[in-house]
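# Chain and residue survey
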Amino acid sequence: MTRATLLENGLVVDGTGAGGWIGDVLLVGDRIAAVGKDLRHQLPEGLRLQEVSCVDCSGLAITPGFIDVHTHDDAIVLKHPDMLPKVSQGITTVITGNCGISLAPFVVKKPEPPLNLLGADSFRFDSVESYERALAAAQPAVNVAVLIGHTTLRFACVGDLTRPASASELDAMCALLTHCMEGGASGLSSGLFYEEAFAAPAEEVVRLAQVVSRFGGVYSTHLRSEMQAIIEALHEAGDTAFRAGVPLIISHHKCAGPANWGRTQETLPLIESLASRQPVAMDVYPYVAGSTVLREDLVDGVIDVLVSWSTPHPEMTGRTLASIAAEWGVDQKTVCRRLQPGGACYFQMHEDDVKRVIAHPLTMIGSDGLPHDQHPHPRLWGAFPRVLARYWREQQLFSLETAIYKMTGLSARNFRLHQRGQLQVNWHADVVVLDPARVRDVATYEEPIALSEGIEKVFVNGALAYSADAGDTGEARLQARAGRLLKRHAPQALGEPVR
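Presented here is an overview of the structure given in this document. Since this is a predicted model, take the numbers as computed values, not measurements.

As a further point, take the side chain of Glu204. Positionally, Glu204 belongs in helix 7 (residues 202-214). Within polar-contact distance, the side chain of Glu204 engages the backbone nitrogen of Ala165 at 2.9 Å. Look past the residues within four positions of Glu204 in its chain and what remains in contact with it is His150, Arg154, Pro164, Ala165, Leu170 and Met173.

Glancing now at the sheet that holds strand 16 (residues 305-310). Taken in spatial order, the 3 strands line up as 15-17-16 in an open sheet, and their pairing is antiparallel. Of all strands in the sheet, those bounded by a partner on one side alone are strand 15 (290-293) and strand 16. In this sheet, neighbouring strand axes are inclined to one another by 20 degrees on average, regardless of whether the strands run parallel or antiparallel. Bridge count between strand 15 and strand 17 (residues 342-346): 4 bridges; the pairing is antiparallel. Bridging across to strand 17, Ser291 finds its partner in Cys345.

What follows concerns unusual backbone geometry. Going from Pro113 to Pro114, the amide bond is cis rather than trans, its omega being 0 degrees. For Pro114, the location among the structural elements is in the loop between strand 8 (106-107) and strand 9 (124-125). With a phi close to 60 degrees, Cys99 is a non-glycine residue in the positive phi region. Positive phi outside glycine occurs at Asp368, with the angle close to 55 degrees.

With that settled, consider the side chain of Thr221. For Thr221, the location among the structural elements is in strand 12 (residues 218-222). Thr221 has contacts with Ser190, Ala237, Leu248, Ile249, Ile250 and Ser251, leaving out every residue within four places of it along the chain.

All right, on to the pairing of strand 14 (residues 280-284) then. Burial of strand 14 is extensive: 5 of the 5 residues sit out of reach of the surface. Judged by which residues are buried, strand 14 turns out to be covered on both faces: Val280, Met282 and Val284 on one side and Ala281 and Asp283 on the other are all buried. Here strand 13 (residues 248-250) pairs with strand 14 via 3 bridges, running parallel. Within the sheet, the bridge partner assigned to Leu248 lies in strand 14 and is Val280. On the question of chirality, the crossover connecting strand 13 to the parallel strand 14 by way of helix 9 (residues 264-275) is right-handed. Across 3 bridges, the pairing between strand 14 and strand 18 (residues 363-365) is parallel.

Adjacent strands of a sheet form backbone hydrogen bonds with each other and so pair up, either parallel or antiparallel. Here we have 8 strands laid out as an open sheet, ordered 6-7-10-11-12-13-14-18, and parallel in their pairing. Each end of this open sheet is capped by a strand with a single partner; those strands are strand 6 (66-68) and strand 18. Direction aside, neighbouring strands of the sheet carry axes that sit 30 degrees apart on average. Examined bridge by bridge, strand 12 and strand 13 share 3 bridges and lie parallel to one another. Residue pairing in the sheet places Thr221 in a bridge with Ile250 of strand 13. This element, helix 13 (residues 379-394), spans strand 6, strand 7 (91-96) and strand 18 of the sheet and lies at about 120 degrees to strand 6.

Looking now at helix 9. The terminal C-alpha atoms of helix 9, which comprises 12 residues, lie 16 Å apart, in line with the 16 Å expected from a rise of 1.5 Å per residue. Listed in full, the buried residues belonging to helix 9 are Thr264, Thr267, Leu268, Leu270, Ile271 and Leu274. End-on view of helix 9: buried residues confined to an arc of 160 degrees, all on one side of the axis.

This paragraph deals with the nonpolar core. Core analysis: the biggest nonpolar cluster contains 124 residues, and Phe66, Val77, Tyr131, Leu177 and Leu388 have the highest contact counts within it. For this core, the element with the highest residue contribution is helix 8 (residues 230-244), accounting for 7 residues. In this view, Leu388 contacts Phe66, Arg393, Leu400, Ala403, Ile404, Met407, Leu434 and Val439; residues no more than four positions away in its chain are not counted.

Here helix 13 crosses helix 14 (residues 400-407) at 155 degrees, and the two axes come no closer than 11 Å. Between helix 13 and helix 14, the angle is such that the two are roughly antiparallel. For the element pair helix 13 and helix 14, the recorded crossing hand is right-handed. Only Leu400, Ala403, Ile404 and Met407 of helix 14 make contact with helix 13, whose side of the interface consists of Phe384, Val387, Leu388 and Trp392. Of the residues in the contact of helix 13 with helix 14, the class split is 8 nonpolar, no polar and no charged.

Evaluation of the coordinates by the stated rule reveals 28 salt bridges. The partner of Arg440 in a salt bridge is Glu453, and the shortest N-O contact between them spans 3.0 Å. Residue Arg440 is found in the loop between strand 19 (431-434) and strand 20 (455-460), and its partner Glu453 is found in the loop between strand 19 and strand 20; the two are separated by 13 residues along the sequence. Owing to a relative accessible area of 35%, Arg440 belongs among the partly exposed residues under this scheme. Here the residues in one salt-bridge network are Asp30, Arg31 and Arg484, joined through shared partners.

With 5 of 5 residues buried, strand 17 is to be regarded as a mostly interior element. Burial of strand 17 is two-sided: the residues Gly342, Ala344 and Tyr346 facing one way and the residues Gly343 and Cys345 facing the other way are all buried. By the bridge criterion, 5 bridges tie strand 16 to strand 17 in an arrangement that is antiparallel. Each residue of the ladder has a partner; that of Val305, found in strand 17, is Tyr346.

Take the state of the cysteines next. Structurally, a disulfide amounts to a covalent bond that connects the sulfur atoms of two cysteines. All chains considered together, the criterion is met by 0 disulfides. As a non-bridged cysteine, Cys255 has Cys99 as the owner of its nearest cysteine sulfur, 16 Å distant. Looking at Cys255, the relative accessible area reads 2%, which means it is buried. Left without a disulfide partner, Cys336 is nearest to the cysteine sulfur of Cys345, which lies 13 Å away.

How each quantity is defined
- Residues numbered from 1 in each chain as written.
- Predicted model: local features only at pLDDT ≥ 70, side-chain atom pairs only at ≥ 80, totals over all residues.
- Heavy atoms only, no water.
- Helix = DSSP H or I, 4+ residues; strand = E, 2+ residues; numbered from the N terminus.
- Polar contact = N/O pair within 3.5 Å; in protein donor to acceptor, adjacent residues only side chain to side chain.
- Contact = heavy atoms within 4.5 Å.
- Pairing = 2+ DSSP bridges.
- Axes fitted to C-alpha atoms, helices over the stretch in contact; angles between N-to-C directions.
- Buried < 20%, exposed > 50% of the residue type's maximum accessible area, 1.4 Å probe, protein only.
- Right-handed = clockwise from strand over helix to strand, strands pointing away.
- Expected span 1.5 Å × (residues − 1).
- Arc of directions from axis to C-beta.
- Core = buried A, V, L, I, M, F, W, Y, C linked by side-chain atoms within 4.5 Å.
- Parallel < 35°, antiparallel > 145°, perpendicular 65-115°, else oblique.
- Left-handed = near helix turned anticlockwise from the far one by under 90°.
- Nonpolar A, V, L, I, M, F, W, Y, C, P; charged D, E, K, R; others polar.
- Salt bridge = Lys/Arg side-chain N within 4 Å of Asp/Glu carboxyl O.
- Disulfide = S-S within 2.5 Å.

See the structure below:
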């Protein structure tokens with residue numbers, strides 16, 4: 001018998017940004033069968049009420065499933081396919097392969113930084129097809145769309161990462177990327193900020209982005225600089241995407257470091273200017289701290305740096321560099337060197353800048369969580385409820401409908417996710433039921449692993465993936481896992497393949 005669920009009497013917020021209204025949403029199989037009022041008396045032919053699971057959503061909101069546009073979930077969806085940190089936030093789709101770092105197409109036993117952000121034993125996929133097979137076997141609770149990382153391509157093809165790719169190496173990178181796009185990848189990402197990609201000139205990235213353009217994909221970039229040289233980095237990103245003919249997505253937009261606080265008043269008008277000539281979007285996470293590998297150049301003795309993991313000194317996880325420096329009697333840069341390889345949270349943004357970016361019409365929401373960290377940034381468990389609690393309900397930067405749009409419809413449109421991100425008849429049944437009055441993040445920097453509150457039910461492809469109903473155990477409950485790989489929906493090829 002086909003699975004059917006009727007969500008009744010909720011505030012329907014459809015993911016378009018339009019005003020919400022009280023009504024019902026009917027899920028049949030993996031699709032949305034109807035959106036309207038009093039649907040129990042208007043069931044499709046052949047479907048009887050006794051065959052339908054009815055859920056009273058009075059006082060709750062019914063929304064599309066949230067799309068986490070900036071993740072590093074490439075490996076964790078295989079190792080821990082229940083994906084509790086994500087489904088418990090209402091996330092039904094994750095975009096992987098960000099910041100130039102993707103699992104495919106590269107096979108290595110011991111990945112070097114920054115690839116090790118995805119885990120130490122994860123790089124065993126030489127193609128999108130092999131990754132897709134592993135994903136199908138794992139059957140994760142969330143949908144997965146894949147970006148191919150420029151840095152990963154460099155590791156696979158370039159002999160010396162301190163220099164640009166040679167002509168033959170770039171040809172090899174283009175050939176690998178072509179195969180990945182043929183396999184359904186959504187586009188290319190770069191992380192020019194990282195040392196392993198910093199030597200790549202714009203021309204190298206343009207050439208790769210032109211491959212993506214032929215397949216109707218997107219280009220997402222962790223800018224070469226988010227600090228003093230951010231204006232130049234934004235121009236480089238815009239020109240790269242424009243020359244290649246691809247939509248540009250600016251990853252986790254920020255102005256990092258105290259010397260750059262307030263500069264979103266410069267960067268946002270520039271991004272608007274770029275958007276007047278080409279498709280541009282950006283994502284943001286709702287915190288003043290970022291998180292990445294331990295890097296000495298990010299340690300300035302001014303901002304707080306919280307250790308998220310360390311291979312040589314795991315006992316220092318959860319400590320600040322300042323406190324360790326005081327204990328060891330050395331400066332913070334020395335501590336940073338001694339803790340490597342490792343990761344950290346860097347408190348490098350100003351709240352005013354975060355608010356300007358998150359409220360901008362071009363901005364989507366991404367968590368950028370690092371699921372392999374021993375003491376992760378709280379965004380891994382709380383980013384999306386935090387947007388709703390802090391920036392909608394408490395600060396009223398935007399309406400509930402706009403907040404949901406930033407998490408759903410806008411994201412699906414920018415990443416070309418077919419028939420997702422809105423509550424529309426015959427679209428895929430990725431749906432969240434939440435309590436607008438209660439939804440909030442609970443994870444903190446001190447205690448980062450904590451379930452958010454107010455996310456009541458999460459459906460992925462029509463199957464109930466998560467329910468906060470306590471039941472007899474008093475714990476939130478994971479349900480069915482029905483996620484799948486979401487392949488690029490643009491035309492298969494828009495020009496001659498790159499040789």
